[in-house]
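# Chains, contacts and geometry: an overview
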Amino acid sequence: MPELPEVETVRRSLLPRVVGRRIAAVEIRERRLRRPIQRDFATRLIGRRVEGVERRAKYLLFHLDNGDCVLAHLGMSGALLVRDATATAERHDHVRVRLNDGAELVFNDPRRFGLLKVGSAADVNAWPELAGLGPDPLDPAFTAEQFAATLRGGKRAIKNLLIDQTTLGGVGNIYANEALFRARIRPTRRAHRVRRAEVAPLFDALRAVLCEAVDLGGSSISDYRDGDGRPGYFQLRLRVYDRAGEPCLDCGAPIRRVVQSGRGSFYCPRCQR
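Below: a short report on this structure.

## Describing the packing of helix α6 (residues 173-182) against helix α7 (residues 196-215)
- Running from N to C, α6 and α7 cross one another at 130°; their axes reach a closest spacing of 8 Å. The angle between α6 and α7 places the two elements in the oblique class. Where α6 crosses over α7, the two elements pack in a sense that is right-handed. Contacts between α6 and α7 involve Tyr 175, Glu 178, Ala 179, Leu 180 and Arg 182 on the former and, on the latter, Leu 202, Ala 205, Leu 206, Ala 208, Val 209, Leu 210, Glu 212 and Ala 213.
- Of the residues that constitute the contact of α6 with α7, the class distribution is 10 nonpolar, no polar and three charged.

## Observations regarding the sheet that holds strand β4 (residues 68-73)
- As summarised here, the arrangement of the four strands in space is β2-β3-β4-β8, forming an open sheet in which the pairing is antiparallel. For this open sheet the edge positions go to β2 (50-56) and β8 (115-120), each flanked by a neighbour on one side alone. Sheet twist, expressed as the average angle between the axes of neighbouring strands with direction ignored, equals 20°.
- Two strands pair when backbone bridges link them, and β2 and strand β3 (residues 59-64) are joined in this way by six bridges, in the antiparallel orientation.

## Considerations on the side chain of Asn 177
- Checked against the element boundaries, Asn 177 lands in helix α6.
- Within the local environment of Asn 177, its side chain forms a polar contact with the backbone nitrogen of Phe 266, the two atoms lying 2.7 Å apart.
- In this structure, Asn 177 is in contact with Lys 159, Val 240, Tyr 241, Gly 264, Ser 265 and Phe 266, ignoring residues within four places of it in sequence.

## A look at a nonpolar patch on the surface
- A cluster of nonpolar residues, Met 1, Met 76 and Phe 113, forms a patch on the protein surface that exposes about 290 Å² of accessible area.
- Looking at the element boundaries, Met 76 is found in the loop between β4 and β5 (79-84).
- Taking relative accessible area as the criterion, Met 76 reaches 33% and is therefore assigned partly exposed.

## A word on the pattern of salt bridges
- The final tally for this structure, using the stated rule, is 32 salt bridges.
- Notably, a salt bridge pairs Arg 237 with Glu 212, separated by 3.9 Å at the nearest N-O pair. Note that Arg 237 is positioned in the loop between α7 and β9 (256-260) and Glu 212 in helix α7, a separation of 25 residues in sequence.
- Taking relative accessible area as the criterion, Arg 237 reaches 46% and is therefore assigned partly exposed.
- Salt bridges here are not isolated pairs; linked through shared partners, they connect Glu 8, Arg 11, Arg 12, Arg 55 and Asp 136.

## Let's talk about the nonpolar core
- Core analysis: the largest hydrophobic core is formed by 39 residues, its most contacted members being Phe 147, Leu 151, Ile 158 and Leu 202.
- Only α4 (144-152), α5 (158-162), α6 and α7 provide two or more residues apiece to this core.
- Residues contacting Ile 158, with those up to four places away along its chain left out, are Leu 151, Leu 180, Ile 185, Arg 186, Pro 187, Arg 189, Arg 190, Ala 191, Val 194 and Leu 202.
- Core analysis: the second largest hydrophobic core is formed by 30 residues, Leu 14, Ala 42, Leu 99 and Val 118 among them.

## Description of the sheet that holds strand β6 (residues 93-99)
- Taking strand neighbours across the sheet as the criterion, the four strands line up as β1-β6-β7-β5 in an open arrangement whose pairing is antiparallel. The open sheet has two edge strands with one neighbour each: β1 (23-28) and β5. Ignoring strand direction, the axes of neighbouring strands in this sheet form an average angle of 20°.
- Sheet analysis places β1 next to β6, joined by five bridges and oriented antiparallel. Counted as the bridge partner of Ile 28 is Val 95 from β6.
- Seen against the sheet, helix α1 (residues 4-18) touches β5, β6 and β7 (103-108) and runs at an angle of roughly 30° to β5.

Cut-off values and rules
- Residues numbered from 1 in each chain as written.
- Predicted model: local features only at pLDDT ≥ 70, side-chain atom pairs only at ≥ 80, totals over all residues.
- Heavy atoms only, no water.
- Axes fitted to C-alpha atoms, helices over the stretch in contact; angles between N-to-C directions.
- Helix = DSSP H or I, 4+ residues; strand = E, 2+ residues; numbered from the N terminus.
- Parallel < 35°, antiparallel > 145°, perpendicular 65-115°, else oblique.
- Left-handed = near helix turned anticlockwise from the far one by under 90°.
- Contact = heavy atoms within 4.5 Å.
- Nonpolar A, V, L, I, M, F, W, Y, C, P; charged D, E, K, R; others polar.
- Pairing = 2+ DSSP bridges.
- Polar contact = N/O pair within 3.5 Å; in protein donor to acceptor, adjacent residues only side chain to side chain.
- Patch = residues over 30% accessible without salt bridge, like charges linked within 9 Å, V, L, I, M, F, W, Y side chains within 5 Å.
- Areas by Shrake-Rupley, 256 points an atom, 1.4 Å probe, with all protein chains shown as cover.
- Salt bridge = Lys/Arg side-chain N within 4 Å of Asp/Glu carboxyl O.
- Buried < 20%, exposed > 50% of the residue type's maximum accessible area, 1.4 Å probe, protein only.
- Core = buried A, V, L, I, M, F, W, Y, C linked by side-chain atoms within 4.5 Å.

Function cannot be read off these values alone, since they describe shape.
Here is the structure:
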């Protein structure tokens, strides 16, 4: 599933392609996504100008000039791609939004776990998809002190806490594993047992990993692409994620894998405590 760096990369790639453009037509080829696309989805978009593209955790918000907002989530395999409007539709192109400059914004999703929704921008903070999200770890207003307060009351494993979207919005399995390795903390350690001296290094590691991943366009481990169809390259820098049995790049010990809440966690038994 695309995580914060992938979604932020998509946002940045779409900004110059869609902001300021007017929506000329909308073709819905398949309504059955995670939830069915609203019946008035197309009519609410046609004729509107895209004023901005915002990211909230793993969601994208397309702000329109009439005060409406389109919420998009990529699900497991979704992509938002800009193509020429004359291009032949591809399999799994579920929604095609034609812009007034001759381009199309296409939502392609083989597994159909993605989401598209339109509503009033004035109400987005109350939408169930966004209402319970925790702070964005890349928000400059989010501090190490606030992060420490979150950890103090947590009796769950630290990795499970990091990927809980009500705790931190946008962090997923890949980057939680990588941040914990950099901070030398095992993913199975209870959050409240992370020592005070370890909190700031973990906070810094998490932000550094996320920022580096954004700079490299995210991680294309499966089928992720940005809005221009380009892959990401952060997977070339992964230190522990999906490397079970391979030698630790720091000490040579075999990387181990455990399952936590149905997700694979990867760590070095020698470097991480």
